[in-house]
Amino acid sequence: MKKTLFCILFLGFAFTVTAQEDKDHNFTVAKNLDVLNVIYKHLDLMYVDSLNGNEVIGNGINAMLQSLDPYTVYYPEEKVKELKFMITGKYGGIGSVIRYNNQLKRVIIDQPYEHMPAAEVGLKKGDIILSIDDKDMTHKDQEYVSNHLRGDPGTSFILKIKRPSTGKVMKMKITRRAIQTPAVPYYGMKDNGVGYINLSSFTENCSKDVRRAFMDLKQKGMKSLIFDLRGNGGGSESEAVNIVNMFVPKGVLVVSNRGKLKRVNRDYKTTVEPIDTVMPIVVLVDESSASASEITCGALQDLDRAVIMGMRTYGKGLVQMTLDLPYNGTLKLTTSKYYIPSGRCIQAINYKHSNGGYTEHVPDSLTKVFYTSRGREVRDGGGIMPDVEVKADSVPNIAYYLAGVRDSNELLLNYQLDYIASHPVIAQPEQFDITDAEYEDFKQRVLKADFKYDRESEKYLKTLVKLAKFEGYYDEAKTEFDNLEKKLSHNVAKDLDFNKETIKKLIANGIVPAYYYQKGNIQYALSSDKQIKEAMALLADGKRYKTLLQPKKK
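Residues numbered from 1 in each chain as written. Predicted model: local features only at pLDDT ≥ 70, side-chain atom pairs only at ≥ 80, totals over all residues. Heavy atoms only, no water.

Going by what an unreviewed UniProt entry lists, the chain is known as Peptidase, S41 family and is assigned to Hoylesella saccharolytica F0055.

## Looking at helix H3 (residues 80–88)
Burial in H3 covers these residues: Val80, Leu83 and Thr88. Each buried residue of H3 sits inside an arc of 115° when the element is viewed along its axis, so together they form one side. Taken together, the buried residues of H3 touch strand S1 (73–75), strand S2 (90–93), strand S9 (177–180), strand S17 (318–324) and strand S18 (330–339). (Buried < 20%, exposed > 50% of the residue type's maximum accessible area, 1.4 Å probe, protein only. Helix = DSSP H or I, 4+ residues; strand = E, 2+ residues; numbered from the N terminus. Arc of directions from axis to C-beta. Contact = heavy atoms within 4.5 Å.)

## Some words on the sheet that holds strand S12 (residues 224–228)
Strands sit in the order S10-S11-S12-S15-S16-S23 across an open sheet of six strands; the sheet is mixed. Where the open sheet ends on each side, the last strands, each with one partner, are strand S10 (186–189) and strand S23 (388–389). Along the sheet, helix H15 (residues 500–526) contacts S10 and strand S11 (194–198); its crossing angle with S10, the most-contacted strand, is approximately 50°. Along the sheet face, helix H16 (residues 530–540) touches S11, S12, strand S15 (281–285) and strand S16 (307–310) and points at about 160° away from the line of S15. (Pairing = 2+ DSSP bridges. Axes fitted to C-alpha atoms, helices over the stretch in contact; angles between N-to-C directions.)

## Observations regarding the pattern of salt bridges
Opposite charge on two side chains allows them to pair when their charged atoms are near. For the structure shown, the criterion picks out 22 salt bridges. In this structure, the salt-bridge partner of Asp152 is Lys81, at a minimum N-O distance of 3.7 Å. With Asp152 in the loop between helix H5 (142–149) and strand S7 (156–162) and Lys81 in helix H3, this pair connects stretches of sequence that are 71 residues apart. Look at Asp152 and you get partly exposed, because its relative accessible area is 47%. Between Lys530 and Asp393 there is a salt bridge; the shortest N-O distance is 3.4 Å. Here Lys530, found in helix H16, pairs with Asp393, found in the loop between S23 and helix H9 (397–402); they are 137 residues apart in sequence, far enough to count as distant. Lys530 sits in the partly exposed class, given a relative accessible area of 36%. Sharing partners across several salt bridges, the network here consists of Asp433, Asp436, Lys500 and Lys504. (Salt bridge = Lys/Arg side-chain N within 4 Å of Asp/Glu carboxyl O.)

Below is the structure:
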């Protein structure tokens, strides 16, 4: 009796506390909204300058959301199309990548898509965009030009461009179309019956594209598969489930969503019979593989269905939904975390809300152990750790400056454009290469341009000198510092020779798409891809592949 009475009293106290907390929360919210409303009225009435309501209130909304996680975003009516493109991969436009030329201070065509309006009217890499329907594009940034190139499918406009290779100014009429960026930009057969599928994003119906590619490769004799999710930032959760369903039996749990509201909780299971449950698969991932990519590779890892290779993934374990807002706006709102089959959540960052919001990476020491279906140890937090870690080749600092990313020289782009202008055709992507003679020509151009760049080693040396002076060690070690400074002094010719093979690849990366589009660029990159070679070697070693999917013996 006493125990029952205690329980009743305890529950009563709990309800009282909860009710009080809800009351305090509601009062706090109402109070601050009232204050915000009054502040804006005073600003609108008395502030020295006229206010832009969209800007001031919009900044307030964005500041509020920035105290949360970076995936909760407000899209006003004029930016809803951006969200739709993110979800569907579709937009109305000409079908081309554009970029800002730092030397010219103008926006240029960078890479037209195959069979799209830009390519069909003859636009080429490097074409300078002068005007769109007589609207001058001088000194306009990339976003401004992009917004004018896009529009409703079926609408037309006059594009005025200048072609650097000839100096000619041309006008052309372009009709916008519904552009669908390819979710699977390339797939094909490699040696020894290894198939390769590149999935660039988890947009609507991408699982159908993956299925078609897989079946086509299987008909061509595929015995094993490399599934490339590197650089894939994710997208649709249901598409990820559909892709996993291709390789695991019907009725298997792939991912669970859990949030504050029970009505948004959901368990995703495979719903149809798979097309292949035994073929060896290597999934390639890197630090940019996120969200739906992590659901896909994480589920295949937890279910012991594939070997994951590459680098630790991004670690986005949050799920968003979209909500319609007044005046045709949309809110993309984080509502839950997702958990893959082992029960782990791989969210790498805790988003704290105190003091205006800050982030905190989950340290490895605080991650917990979970187990795959066969009993292999895996961990939560910090993304998906690959079963086989293979780091990608790093890009030297000099490459960023050559490409104009950190300077305004655009030496790399200018050489690429001259090369394209003087070569009507080039070899197939897998056989293409910048010759040593061509690279020497590029090197001499760079040296004649008196190219300079900030070397990281010199930056660190300067920092070390400051620290040594601060701590009183500099005078004693001055001779050593002087000698080190001489050895680390600029020698561009030496740096170009040392990084020759990497820079040759960077040059080719801007040339191949001008002839073979995005698909050809992927084919070229695969020919010297270290991670691809490691995946091929693993798939050729059936014993090692099977061992990796078994628990380690203790």
